[in-house]
Amino acid sequence: MGVKFLNKSGVGYLVDGARAIDYALGHGAKVINCSWGYSYNSATLSNVMLKAEQMDVAIVCAAGNYNSETPLYPAYYSYTIAVAAVDQYGYKASFSNYGSNVDLAAEGVSVYSTYPGNQYATMSGTSMAAPKVAGLLAAAWSDQTQLGLSQILQQIPQAAVDVTDPLHSGTSAFAGKDKYTGYGLLSLSNLLTTLGSSAQSISVASFSSTRLDNLMNYPNPVGAGASTTFGFSADTNVDDTVK
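These numbers come from a predicted model, not from an experiment.

*Asks:* An account of the packing of aromatic side chains is requested, with residue identities and associated values reported.
*Replies:* All told, the structure shown has seven aromatic pairs when counted by the stated rule. Taking the centre distance of 5.2 Å and the plane angle of 45° together, the rings of Tyr 98 and Tyr 180 count as tilted. Residue Tyr 98 is found in the loop between strand E3 (81–86) and strand E4 (102–107), and its partner Tyr 180 is found in the loop between strand E7 (160–161) and strand E8 (185–186); the two are separated by 82 residues along the sequence. Residues Tyr 98 and Tyr 180 agree in their burial class; the two are buried. With a centroid separation of 5.7 Å and 20° between ring planes, the pair formed by Tyr 112 and Tyr 120 is classed as stacked. Exposure remark for Tyr 112: the relative accessible area of 51% places this residue in the exposed category. For Tyr 120, a relative accessible area of 55% gives the class exposed. Ring-pair connections join several aromatic residues into one group, and the members of that group are Tyr 73, Tyr 76 and Tyr 77. When the ring centre of Tyr 183 is taken as reference, the NZ or CZ atom of Lys 177 above it lies at 5.4 Å.

See below:
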């Protein structure tokens, strides 16, 4: 399902983002992609994240496009899967946020996607990377519906392919989980193998294999010549209660 809370310019209130997640939770979503973020941490959003965890629903979030460790929510919550962006060669995208909260990375540079006005365009951003991870988790769960999402998420460290040189330094200084790409690139075939599935699957572990460029969404890409910031505003006087 698609739940919209942003206006045509990609601007909206954080409290409405929380309510959008709550709506998805109430209508049976099992994997929710959040290609948006804001530096303001609200009680409403925190409560919705707790509700998602209690309902065993996976929340996948864009890490942000500031090229910094600036906390953005909901990606900064410990329960969410924060996704950074890499380019087609597997190196950290110049704009991608980083930090201890980053769990995975996916391709988010020059991604061909739908665009307002019945158009297609090439865009970049962690907003383009996060939906790929959400799609892979949804595919894994659809094959293993007897499992809870929490059981699937526990396999991410084993199923991800490590990115040992995310900064293109010519070394493997970042072997293992790092703040730039987390555990690395999620492989669907690895994930299904760790879950004991016999299903035929594709792999997006390396960029020479099939790329799920059809699993994208809008808003908040970084278009050519566009700003790399998230377009959100906050009103601290709004009713901060999930209803």
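Next comes the rest of the account.
*Asks:* Can you lay out helix H2 (residues 43–54) for me, pointing to particular residues and giving the numbers?
*Replies:* Between the first and last C-alpha of H2 there are 16 Å, a value that for 12 residues agrees with the 16 Å anticipated at 1.5 Å per step. Positive phi appears at Asp 56, one or two residues downstream of H2, with a value of about 60°.

About the criteria used
Residues numbered from 1 in each chain as written. Predicted model: local features only at pLDDT ≥ 70, side-chain atom pairs only at ≥ 80, totals over all residues. Heavy atoms only, no water. Phe/Tyr/Trp six-rings, centres within 6.5 Å; stacked < 30°, edge-to-face > 60°. Helix = DSSP H or I, 4+ residues; strand = E, 2+ residues; numbered from the N terminus. Buried < 20%, exposed > 50% of the residue type's maximum accessible area, 1.4 Å probe, protein only. Lys NZ or Arg CZ within 6 Å of the ring centre and 35° of its normal. Expected span 1.5 Å × (residues − 1).

So yeah, pure geometry; function would need other evidence.
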